[in-house]
Amino acid sequence: MLPLRRTMLLRGGTLVTMDPARSVVRADLLVEEGRIARIGPRLRAPPKAAVLDCARKLVIPGLVQSHTHLCQTLFRNQADGLELLDWLSRRIWPLEAAHDARSLRFSARLGIAELLLSGTTCILDMGTVHHTDALLRAVLDSGLRYTGGKCLMDAPDCPEGLRESTSQALAGAERLGARWHGKDEGRIRWALCPRFALSCTEELLRRVAELGERRGWMVHTHASENRDEVARVRQRTGMGNVAFLRRVGLCGPATAIAHCVHLDAGEVRILAESGATAVHCPGANLKLASGIADVPRLLRSGVNVALGSDSAACNNTLDAFHEMRLAGTLHLPRGGARAMPASEVLAMATIRGARALGLESEIGSLEVGKKADLTVVDLSAPHLAPSGPDPHSTLVYSACKTDVTDTIVDGRWLVRDRKLVSLDAADLAGRAAAEVAKVLDRVIRTSPRDRPARPDPERSVRPRRAGSAGAPRKRG
Ligand SMILES: [Zn+2]
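Residues numbered from 1 in each chain as written. Predicted model: local features only at pLDDT ≥ 70, side-chain atom pairs only at ≥ 80, totals over all residues.

1. Here's the deal with the overall build of the chain
For step 1, the next point in the chain: The helix and strand tally for the chain stands at 17 helices and 18 strands.
For step 2, the next point in the chain: The burial tally for the chain puts 54% of its 476 residues in the buried class.
For step 3, the next point in the chain: Considering only residue pairs separated by 6 or more positions, the chain has 74% of its internal contacts joining residues 24 or more positions apart. (Helix = DSSP H or I, 4+ residues; strand = E, 2+ residues; numbered from the N terminus. Buried ≥ 20, exposed ≤ 12 C-beta atoms within 10 Å, placed from the backbone. Contact = placed C-beta atoms within 7 Å.)

2. Describing the packing of helix 2 (residues 101–117) against helix 17 (residues 425–446)
For step 1, the next point in the chain: The N-to-C vectors of helix 2 and helix 17 enclose an angle of 145 degrees; their axes lie 10 Å apart at closest approach. The handedness of the crossing between helix 2 and helix 17 is left-handed. In this structure, helix 2 contributes S103, F106, R109, L110, A113 and L117 to the contact, and helix 17 contributes A425, L428, A432, E435, K438 and V439.
For step 2, the next point in the chain: In the contact of helix 2 with helix 17, the residues fall into eight nonpolar, one polar and three charged. (Axes fitted to C-alpha atoms, helices over the stretch in contact; angles between N-to-C directions. Left-handed = near helix turned anticlockwise from the far one by under 90°. Nonpolar A, V, L, I, M, F, W, Y, C, P; charged D, E, K, R; others polar.)

3. What about the nonpolar core?
For step 1, the next point in the chain: In terms of nonpolar packing, the biggest core is built from 149 residues, with L29, V59, I112, L152 and M324 touching the most fellow members.
For step 2, the next point in the chain: The element best represented in this core is helix 2, accounting for nine residues.
For step 3, the next point in the chain: Inspection of this core shows a minimum of three residues originating in each of domain 1 (8–61 + 368–420) and domain 2 (63–356). (Core = buried A, V, L, I, M, F, W, Y, C linked by C-beta atoms within 7 Å. Domains from an automatic or database assignment.)

4. Quick look at the pairing of strand 14 (residues 304–307)
For step 1, the next point in the chain: Alternating residues of strand 14 divide into N304 and A306 and V305 and L307, and every residue in both groups is buried.
For step 2, the next point in the chain: Relative to strand 14, strand 13 (residues 277–280) is paired through four bridges, and the arrangement is parallel. Pairing of H280 across the sheet is with L307, part of strand 14. (Pairing = 2+ DSSP bridges.)

5. Focus on the environment of A55
For step 1, the next point in the chain: Looking at the element boundaries, A55 is found in the loop between strand 4 (50–53) and strand 5 (57–61).
For step 2, the next point in the chain: Expressed as a C-alpha distance, the spacing of A55 and G13, which sit 42 residues apart in the sequence, is 5.1 Å.

6. As for the domain arrangement of the chain
A common way to state how big an interface is: give the accessible area lost once the parts meet.
For step 1, the next point in the chain: Here the domain parsing of the chain yields domain 1 (8–61 + 368–420) and domain 2 (63–356).
For step 2, the next point in the chain: Taken over C-alpha atoms, the centre of domain 1 sits 28 Å from the centre of domain 2.
For step 3, the next point in the chain: Facing 22 residues of domain 1, the contacting portion of domain 2 comprises 24 residues.
For step 4, the next point in the chain: Counting only elements with at least two residues in the side of domain 1 that touches domain 2, the list comes to helix 16 (391–398), strand 16 (404–409) and strand 17 (412–416).

7. Concerning helix 1 (residues 84–97)
For step 1, the next point in the chain: Along its length, helix 1 reaches its greatest deviation from straightness, about 35 degrees, at R91, and the proline P94 lies no more than four positions downstream.
For step 2, the next point in the chain: For helix 1, a buried count of 11 out of 14 residues is recorded, marking the element as mostly surrounded by other parts of the structure.
For step 3, the next point in the chain: Among all positions in helix 1, only L84, W87, L88, R90, R91, I92, W93, P94, L95, E96 and A97 are buried.
For step 4, the next point in the chain: Where helix 1 is buried, its residues meet helix 7 (227–237) and helix 17. (Bend = angle between axes of the 7 residues up to and from the residue.)

8. Things to note about the packing of helix 2 against helix 3 (residues 132–142)
For step 1, the next point in the chain: At a minimum axis distance of 8 Å, the contact between helix 2 and helix 3 shows a crossing angle of 35 degrees. Judged by the twist between their axes, the crossing of helix 2 over helix 3 is right-handed. Along the contact surface, helix 2 presents A101, L104, R105, A108, R109 and I112, while helix 3 presents A134, L135, R137, A138, V139 and S142.
For step 2, the next point in the chain: Here the contact of helix 2 with helix 3 is built from residues that sort into eight nonpolar, one polar and three charged.

9. Things to note about the environment of I92
For step 1, the next point in the chain: For I92, the location among the structural elements is in helix 1.
For step 2, the next point in the chain: The spatial distance from the C-alpha of I92 to the C-alpha of V279 is 21 Å, given a sequence separation of 187 residues.
For step 3, the next point in the chain: When residues no more than four places from it in sequence are discounted, the contact partners of I92 are Q72, F75, A79, W87 and A313.

10. Things to note about helix 16
For step 1, the next point in the chain: The complete set of buried residues in helix 16 reads P391, H392, T394, L395 and V396.
For step 2, the next point in the chain: For helix 16, the secondary structure elements touched by its buried residues are strand 1 (8–16), strand 2 (24–32), strand 5, helix 12 (320–329), helix 14 (342–348) and strand 15 (374–378).

11. Concerning the confidence of the model for the chain
Atom-level detail of predicted coordinates should not be read off regions where pLDDT is low.
For step 1, the next point in the chain: Predicted confidence across the chain gives a mean pLDDT of 94, with 94% of residues reaching 70 or more.
For step 2, the next point in the chain: Counting interchain partners and residues more than four positions distant, the pLDDT-below-50 stretch residues 449–476 has 55 contacts. (pLDDT = per-residue confidence, 0-100.)

12. Quick word on the environment of V51
For step 1, the next point in the chain: Mapping V51 onto the fold places it in strand 4.
For step 2, the next point in the chain: Between the C-alpha atom of V51 and that of T7, which follows or precedes it by 44 residues, the distance is 8.8 Å.
For step 3, the next point in the chain: The residues contacting V51, other than those within four sequence positions of it, are L9, R11 and A45.

13. Here's the deal with unusual backbone geometry
For step 1, the next point in the chain: Residues N315 and N316 are joined by a peptide bond in cis, for which omega reads 0 degrees.
For step 2, the next point in the chain: Here N316 is to be found in the loop between strand 14 and helix 12.
For step 3, the next point in the chain: Following A385, the chain continues into P386 via a peptide bond in cis, with omega recorded as -5 degrees.
For step 4, the next point in the chain: Its place among the elements puts P386 in the loop between strand 15 and helix 16.
For step 5, the next point in the chain: Positioned with a positive phi, D417 is a non-glycine residue whose angle comes to about 50 degrees.

14. Some details on the pairing of strand 7 (residues 120–126)
Strand residues, when the strand is regular, have side chains that alternate between the two faces of the sheet.
For step 1, the next point in the chain: With seven of seven residues buried, strand 7 lies mostly within the body of the structure.
For step 2, the next point in the chain: Bridge analysis of strand 6 (residues 63–68) against strand 7 gives four bridges, and the strand direction is parallel. Within the sheet, the bridge partner assigned to V64 lies in strand 7 and is C122.
For step 3, the next point in the chain: Across five bridges, strand 7 lies against strand 8 (residues 145–149) in parallel orientation. Across the sheet, I123 pairs through a bridge with Y146, a residue of strand 8.
For step 4, the next point in the chain: Crossover handedness for the path strand 7 to helix 3 to strand 8: right-handed. (Right-handed = clockwise from strand over helix to strand, strands pointing away.)

Shown next as structure tokens:
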């Protein structure tokens with residue numbers, strides 16, 4: 001059950017505010033009715049307020065991950081050693097097509113448990129094609145702040161289990177959006193999620209742009225992740241991915257585009273001029289051998305860049321601290337030691353993520369009046385000592401997920417003293433092997449219908465036997 005909103009006083013912490021001046025202050029922070037009510041020294045705790053001692057702790061805005069797939073959490077460690085297009089067609093599409101409502105709900109809960117325990121309070125998520133209600137019910141019950149939607153795939157060469165007609169895809173998205181957008185006082189918001197240019201017809205993309213505009217829903221998609229993908233898009237459309245998205249009306253302030261690894265100068269300009277967000281996913285881009293997005297150039301050009309872990313099936317972690325450390329170090333050999341300041345990395349994981357979602361005035365920084373989405377980081381472990389002058393550096397280069405003690409969303413305590421309040425982490429982890437085995441069984445049973453996506457015998461995903469953990473077989 002969803003925990004109640006609490007009046008709470010976070011006492012004596014170091015507040016890394018991520019306000020426009022990037023202020024760091026030693027102060028108390030009072031939460032009332034789900035919002036930050038006051039920040040200041042020695043605040044008086046109202047009657048019945050819960051008081052959290054934050055001495056030797058950092059209080060930071062709740063971490064925002066602007067690209068995830070909760071539907072794929074259950075497929076962690078099932079799809080290693082492949083590049084993007086093979087990873088999708090051999091593993092991920094057959095697995096997603098084999099989800100039922102129960103396995104999807106479980107996958108979402110497993111992902112949410114991991115996200116909350118590691119300090120992420122808000123995600124932009126791309127679902128799968130079917131059973132979206134099950135995923136959103138898990139989100140509703142969890143307290144996590146969420147923007148996302150069902151995945152849209154209508155291209156003729158999409159696998160049968162995931163392909164819909166253009167009208168079916170759009171009607172389904174509109175119906176679900178009408179049901180879910182704005183739930184729990186706006187904690188859940190709907191997004192239109194065409195998967196990527198290769199899995200969508202041009203007609204679908206144009207109608208998504210029109211529907212998003214009409215209903216006020218943002219659009220989330222992937223682009224320019226992998227060289228083969230970029231080459232195929234160019235072959236089909238005669239232009240780069242981002243230029244194509246602009247042509248169909250899908251490049252504007254309400255668009256967040258995951259990856260943006262392989263862009264030409266014109267596409268960088270399009271992103272900057274349109275106000276679209278590029279979502280940097282360094283862990284996934286390395287794991288799928290996709291490449292390294294030129295984030296310093298995007299930032300210099302005025303593009304809003306946010307951060308995301310992508311999915312547990314390609315990364316294979318949903319840990320925002322892992323992504324921050326990668327984002328803070330990956331660009332330095334090419335750009336120089338000052339190419340990616342730690343405060344900029346933390347901005348990508350907080351206020352820039354909030355901007356990507358159109359929530360900049362509500363979350364992403366510690367400012368009075370904003371929603372109380374907070375992450376508390378303990379500084380007492382040896383790997384954080386001695387503390388330096390800049391807590392942004394501590395967070396990006398030294399801290400890790402296990403330093404998170406408390407995760408608060410909307411004034412609700414979702415992780416308290418390192419324990420999930422409304423989910424059972426041990427139970428979820430213990431049941432995951434059995435849950436994925438059922439999905440793998442269904443892949444084997446249904447794969448003949450999904451011939452284009454069928455895993456080949458040498459790399460097939462197999463039902464897990466006790467001890468064998470469904471590990472992919474060695475390549476021939
Ligand atoms: Zn993705």
